[in-house]
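Working through the structure, step by step
Listed here are the chains, written in short residue letters.
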Amino acid sequence: MEATLSTSAGNRPQTKTRNRTIRRVAVLGSGIMGSRIASHFANIGVEVLLLDIVPNALTAAEEAKGLTLENPAVRNRLVNEAFQNTLKASPASLYSPKFAERVKLGNFDDNLKEIGSYDWIIEVVVERLDVKRSLYERVEQFRKPGTLITSNTSGIPMHLLTEGRSEDFRRHFCGTHFFNPPRYLRLLEIIPGPDTDPVIIDFLMKYGDLYLGKTTVLCKDTPAFIANRLGIQALVQTIRIAENLGLSVEAVDKLTGPVIGRPKSGTFRLSDVVGLDTTVNVANNLAKLDYDESHESFQLTTSMQKLMENKWLGDKTGQGYYKKIKDEKGKSVILALDLKTYEYKPSEKVKFATLEGTKSIDNLKKRFPVLLAGKDEAGEFYRQTFADEFRYATYRIPEISDELYRIDAAITAGFGWQLGLFETWDAIGLQKGIELIESQGQKPAPWVYEMATAGFDSFYKTDGGVRKYYDIPTKSYKAVPGTENFILLENFSNNIVWKNAGSTLYDLGDGILNLAFHSKMNTFGSEVIEGLNKGIAIAEKDFQGLVIGNESNEAFSAGANLAMLFMFAIEQEYDEINLMIAQFQQTMMRARYSAIPVVGAPHTLALGGGCELNLHCDTTVAHAETYMGLVEVGVGLIPAGGGTKEMAARASDLYQTGDPELNILQNIFMNIATAKVSTSAQEAKEMNYLHPDSQIVLNRSRQIAEAKQAALTLAENGYTQPKQRKDIKVQGKTGIALFRAGITAMRMGRFISEHDQKIAEKLAYVICGGDLSSPQNVTEQYLLDLEREAFLSLTGEKKTLERIQSLLQGGKPLRN
């Protein structure tokens, strides 16, 4: 965890430039944010000290045990309970449960003195200035000079926090505002104080990017900083416009979800998750900013006021804009608030003609002109909301940011939007955006008119593979700083070597190709298979290596194209299915045994065939948030793209560790038989889907660049084409008997269905190498043939077809 820093601090006092290493971090405050921040540092291998206050009274349970306030269990009760709640929470804050060992728990009275040996102190206590100042006074008694000290405050000005503190404290102090949950949301806002040494800011900007995987955004010390200032304004105004147009809660969440590149929670569900009181506290403070020309837009809407009066704050109170109940059959039912009567009613599906018109438009940027031109209520909603969001963002420059790219970076990373406000504006064109704002009786900031008059027509452009933004003071385009080490495929549109309907080959330079999929959910159809073979062929002829990576926010690959398989199976075209499987197997083997190194760059979902492809790459550079698994049993099949073969091979390689061979194989078998998916790249390693030496990248923006470097390293170190294996040890009848006994017991206990039993027995037969009389070595091709035969036989099963049909029609797995 080292970074060499060099920067000019002007005339201000400056910390001596040196290597600063972060090995130990103290987190002060163990609430939801404190515990989750501690967990994320544990994820990257840092030793963490998590502290909180000492309780001032015993609980009834503690009194019953005869404990006193001096008992260590009592003194650490708050921190223990908070951290345990975090460990139980879903989604998980840790990449692996075993990383909890990296977090030491304690309290301010007994353990604060230990912070003297820590490299970074992060304060995450309640949002009260007096509480924070009081804690800082105690921290100064033990803090070693030169130690980083930062606050996770979401809005208290830095200069107020450091009043009365020493010069060394002030020089090493700033705001580091993580967004919740810190493992998953990429934004880290860095807010300098008036005396913060620029060297410290430089270090934190780099550290957050490289080691924490964050989009680090430098903010001015203005109320709510950048993301919450824009995000809360958009949320309150969206609710206001929805109320004025008479739109339902469900309708607005449909309109403000994935269709516009935003999280599926939409607007009202997001309010419930965050907690309405949290939103209201920020909004009330921002409504007081008289110098903000739009401060009235933060005033609470009718429904927000009503819900606050009723204390319907969302998930934390069990009801908000939505409410979950159990019906008479004990089934969970989601109710939605009627914004006219303020009574709850069953949540309804909604449809708009405008949305129907965008179903065939996969490119997000191309949807916006269609959405904004809609003739129904949806179109009017979009025109009002986007016009207001665009206008408000223009007036925040230079108040909260001198550069427009920081506004987009903060809102996308903090709220999970795929496109920032200026990026969205570019999708419809500068002039049309101005006309949209004017159509609502408003005007953007004067600099936008100046920009248009000067002949500029976009906020961003790509030049020579470099992304540039419009710089307002110089009226010119400048490179977005900090992205020089990123490889963003959209910047390589002039470097396309070959493409078809489902895949594109980019020349990344230095002799490395990149193959990107762009089918729906990046599933493997004929175009993607063609792209894989073409990519390997071209790389073998003219390049040094091949990276397989894409920039999808949904999936690296969700696996095979089930629709085509289903069509062949219904028509009983088994020769076609056999050919399709064989071709897929051959493509996976070609990736493994090519003359050039092939590097996989999995992220988000890498399921079924997406997992199998990475199993066959020479190495992988995985994003930390990679959810990987062989999930074919969920649709009544077994992995047959070399997945079962490869896991049998990996079990064989593990037999030398000393554990009983059948135990090793059983763990691998169960992962496949239960369609288990890793919850992180780290867990994928533990499940043997990723090799122990696979690289894990925390910053998604760096992934393809790191994968390119991995391919280059393999090539430059003298990559030699491997030979197919003939040494895979399988268990034969011994293993099959063990698995059948367990499967039969599961069936007798009614834990699995009869069809589940059939699938599991087929899987056991293949992974054990078939009906061999004793454990022995077999070839890869032998196992591939077994895979294909088992897969083919299962496509002829009625219940398998029912499972595939259920997934295709409703997106839900069927257990029949």
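Heads up: these notes are all about the structure in this document. (Residues numbered from 1 in each chain as written. Predicted model: local features only at pLDDT ≥ 70, side-chain atom pairs only at ≥ 80, totals over all residues. Heavy atoms only, no water.)

**Examining a positive patch on the surface**
Rules: Each patch is built from salt-bridge-free residues with over 30% relative accessible area, joining like charges within 9 Å and nonpolar side chains (Val, Leu, Ile, Met, Phe, Trp, Tyr) within 5 Å. Throughout, the Shrake-Rupley method with a 1.4 Å probe supplies accessible areas, and for residues the shown protein chains are the sole cover considered. Salt bridge, as used here, is a side-chain nitrogen of Lys or Arg placed within 4 Å of a carboxyl oxygen of Asp or Glu. When charges are counted, Lys and Arg contribute as positive and Asp and Glu as negative, whereas His and the chain ends are disregarded. For the purpose of locating charges, the reference atoms are NZ of Lys, CZ of Arg, CG of Asp and CD of Glu. Helix and strand assignments follow DSSP, with helices taken as H or I runs no shorter than four residues and strands as E runs no shorter than two, numbered in order from the N terminus.
Judged by side-chain charge, K254, K329, K331, K349, K351 and K812 come together as a positively charged surface patch. Within the secondary structure layout, K351 lies in the loop between β13 (344–346) and α15 (353–356).

**Overview of the environment of I32**
Summarising the element assignment, I32 is placed in helix α1 (residues 32–43). I32 sits 50 residues away from A82 along the chain, and the two C-alpha atoms are 7.2 Å apart.

**Considerations on the sheet that holds strand β15 (residues 466–471)**
Worth spelling out the cut-off: A pair of strands is considered paired only if DSSP assigns at least 2 bridges between the two. Between N-to-C directions, angles cover 0 to 180 degrees, with each direction set by a line fitted to C-alpha atoms, over the stretch in contact for helices.
A sheet is described by the order of its strands in space; here three strands give the open sequence β14-β15-β16, paired in antiparallel fashion. Either end of the sheet is taken by a strand with one partner, and the two such strands are β14 (460–463) and β16 (476–479). Averaged over all pairs of adjacent strands, the angle between their axes in this sheet comes to 40°, without regard to strand direction. Where β14 and β15 come together, four bridges link them in antiparallel fashion. What sits directly across from Y460, in β15, is Y469.

**A word on helix α13 (residues 276–286)**
For clarity, the threshold we go by: Relative accessibility under 20% of the residue-type maximum defines a buried residue, over 50% an exposed one, and the middle range a partly exposed one, all with a 1.4 Å probe and only protein chains included. Throughout, the arc means that of the directions going from the helix axis to the C-beta atoms. Two residues form a contact once any of their heavy atoms are found within 4.5 Å.
Looking only at α13, the buried set comprises L276, T279, V280, V282, A283 and L286. The arc that holds every buried residue of α13, seen down its axis, measures 165°, which confines them to one face. On its buried face, α13 sits against α10 (227–245), α12 (268–274) and α14 (302–310).

**Observations regarding the packing of α10 against helix α17 (residues 377–395)**
Applicable threshold: Oblique is the label for every angle not falling under 35 degrees (roughly parallel), over 145 degrees (roughly antiparallel), or within 65 to 115 degrees (roughly perpendicular). Handedness of each helix crossing follows the sense of rotation of the near helix against the far helix: counterclockwise by less than a right angle gives left-handed, clockwise gives right-handed. All residues other than Ala, Val, Leu, Ile, Met, Phe, Trp, Tyr, Cys, Pro, Asp, Glu, Lys and Arg, Gly among them, are scored as polar; the first ten of these are nonpolar and the last four charged.
Axis separation between α10 and α17 bottoms out at 10 Å; the angle between their running directions is 150°. Classed by the angle they form, the pair α10 and α17 counts as roughly antiparallel. Crossing angle aside, the handedness with which α10 passes α17 is right-handed. Where α10 abuts α17, its residues R229, L230, Q233, A234, Q237, T238, I241 and L245 lie against E377, E380, F381, Q384, T385, D388, E389, R391, Y392 and A393. Here the contact of α10 with α17 is built from residues that sort into seven nonpolar, five polar and six charged.

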